[in-house]
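# A look at the structure
Each chain is listed here by its residues.
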Amino acid sequence: MDDDCSTTEAFDELKSRSLGVSDVAQIAAGTGLAVYAMWVGILQPGFRRVPLKLQVPYIPASKSQVRNVMTLLKGRKGGIVDLGSGDGRIVLEAHRRGFTPAVGYELNPWLIYLSRFNAWRIGHHRKVSYRREDLWKVDLSECKNITVFLAPSVLSLLQKKLLAELPNDALVIAGRFPFPDWTPYRIEGLGVDRAWAYSIEAQRNCQQLSQLTRNVLNNNLFV
Ligand SMILES: C[S@@+](CC[C@H](N)C(=O)[O-])C[C@H]1O[C@@H](n2cnc3c(N)ncnc32)[C@H](O)[C@@H]1O
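Quick look at the structure, then.

What counts and what doesn't
- Residues numbered from 1 in each chain as written.
- Predicted model: local features only at pLDDT ≥ 70, side-chain atom pairs only at ≥ 80, totals over all residues.
- Near = placed C-beta within 6 Å.
- Nonpolar A, V, L, I, M, F, W, Y, C, P; charged D, E, K, R; others polar.
- Buried ≥ 20, exposed ≤ 12 C-beta atoms within 10 Å, placed from the backbone.
- Helix = DSSP H or I, 4+ residues; strand = E, 2+ residues; numbered from the N terminus.
- Pairing = 2+ DSSP bridges.
- Right-handed = clockwise from strand over helix to strand, strands pointing away.
- Expected span 1.5 Å × (residues − 1).
- Arc of directions from axis to C-beta.
- Contact = placed C-beta atoms within 7 Å.
- Axes fitted to C-alpha atoms, helices over the stretch in contact; angles between N-to-C directions.
- Parallel < 35°, antiparallel > 145°, perpendicular 65-115°, else oblique.
- Left-handed = near helix turned anticlockwise from the far one by under 90°.
- Core = buried A, V, L, I, M, F, W, Y, C linked by C-beta atoms within 7 Å.

### Observations concerning the site of the ligand
Neighbouring the ligand are 23 residues, the closest being Y58, A61, G84, G86 and L135. Looking at the shell around the ligand, its residues break down into 14 nonpolar, 5 polar and 4 charged.

### Considerations on the pairing of strand β1 (residues 80–83)
Because side chains alternate across β1, one face comprises the buried residues I80 and D82, and the other comprises V81 and L83, equally buried. When β1 meets strand β2 (residues 102–105), the two strands line up parallel, connected through 4 bridges. Residue pairing across strands places D82 opposite G104, the latter belonging to β2. Where the polypeptide runs from β1 across helix α4 (residues 89–96) and back to β2, its parallel neighbour, the crossover connection is right-handed. In terms of strand pairing, β1 meets strand β4 (residues 145–148) through 3 bridges, oriented parallel. Paired with D82 across the bridge in β4 is T147.

### Overview of helix α5 (residues 109–121)
Given a rise of 1.5 Å per residue, 13 residues ought to cover 18 Å, and the 18 Å separating the end C-alpha atoms of α5 matches this to within 8%. The complete set of buried residues in α5 reads L111, I112, S115 and A119. Buried positions in α5, seen along its axis, are confined to an arc of 105° and lie on one side of it. α5 presents P109, F117, W120 and R121 as exposed residues on the side facing more than 90 degrees away from its buried surface. Elements that come into contact with the buried residues of α5 comprise α4, β2 and β3 (128–131).

### Let's talk about the sheet that holds β4
What the 7 strands build is an open sheet, ordered β3-β2-β1-β4-β5-β7-β6; its pairing is mixed. Lying at the two open borders of the sheet, with one neighbouring strand each, are β3 and β6 (186–188). Taken over all neighbouring pairs, the strand axes of this sheet differ in orientation by 20° on average, direction set aside.

### A look at the pairing of β2
The two faces of β2 match: A102 and G104 on one face and V103 and Y105 on the other face are all buried. Of the pairings in the sheet, the one linking β2 to β3 comprises 4 bridges and is parallel in character. Counterpart to A102 in the pairing with β3 is V128. The β-α-β motif built from β2, the intervening α5 and the parallel element β3 has right-handed crossover chirality.

### Topic: the packing of helix α3 (residues 63–73) against α4
Contact geometry for α3 and α4: axes closest at 11 Å, N-to-C directions at 45°. Looking at the two axes, α3 sits oblique to α4. The crossing of α3 and α4 is right-handed. Only R89, I90, E93 and A94 of α4 make contact with α3, whose side of the interface consists of V66, V69, M70 and L73. Tallied by class, the residues present in the contact of α3 with α4 amount to 6 nonpolar, no polar and 2 charged.

### Comments concerning the environment of V154
Tracing the backbone through its elements, the reader meets V154 in helix α6 (residues 152–165). Its 18 C-beta neighbours within 10 Å are what place V154 among the partly exposed residues. For V154 and F179, which are 25 residues apart along the polypeptide, the C-alpha to C-alpha distance reads 9.4 Å. Apart from the residues lying within four places of it in its own chain, the contact partners of V154 are L54 and V56.

### Topic: the nonpolar core
Soluble globular proteins tend to bury their nonpolar side chains together. Counting 39 residues, the largest nonpolar core has V172 and I173 as the members making the most contacts within it. Excluding anything up to four places from it in sequence, V172 contacts I146, L162, Y198 and I200.

Everything listed here is a matter of coordinates, which is why it stays silent on function.
Take a look at the structure:
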C-alpha cells in the first residue's frame, strides 16, 4: 500500500516537474546517439570508400513515383538497371512489366538483403538481381534502360558518366530530381512523384550542337 502511494507520488512529481537544462541535454544527447547509431549501423555501411559529397541517403520511391517511372518506360524492352536500387522496388516492378535482366546496384548491404527478401516474398528471387556495387564503378556500356533516384548534388557528375558510357539508343529515367543540364523528351507526374525521360542520342546531339556553336562564335571573335 505504502509502496503504491510512494510510486504514485513519485510519478505525480515527475509529471509536474518542468524539464531542466540537464534533462533537455540528456534527451538531446540520447536522441543524437540513437540517430548516429542508426546512421552508422544501418544506413552508412558500404559507403566508407565513397567520398562524402557522393553519398546519397536511402529514401524509397513513392508508389506514384514508381508508377510514373513505369509509364515513361512503356514501349521499351530488354534489360534494365536501377542505379542505387534501395529496397529494390523499381527493379521488381520493372521485372513484373517484362524487363529482363532487371538489375539493381546498391552499396548498402542491409538494403541488398531487404531487396532479395522482397523478391523472394513474391516468388521472383531468381528472376531479378541485386548487386552490392558502387554505381560509379559499374560499366554501363551495355545498358539500354536506366533508372535513377539520386540526390541533385550527384546528378551533374552522373550525366558525364552516362554520356560517356551508354549506347546511343539508351533511355534514362530520373525520379524526383531531373538532370540539371539535360532536356527531357517526356515528363510524367507532379511534385515529388515526378519523373523525367531522357534520350541519350538527343543529349549527345545537343552537346555537339552547343560545341559547334561555341567553335563558330570563337572563330568569329578571333578571326
Ligand atoms: C534515394 S534512394 C533510391 C532508392 C530506389 N532507387 C528507389 O527509387 O526506391 C538512393 C539509393 O542509392 C544508394 N546509393 C547511393 N550511392 C550509391 C553508390 N555509390 N552505389 C550504389 N548505391 C548507392 C543509396 O544507398 C540509396 O539506397
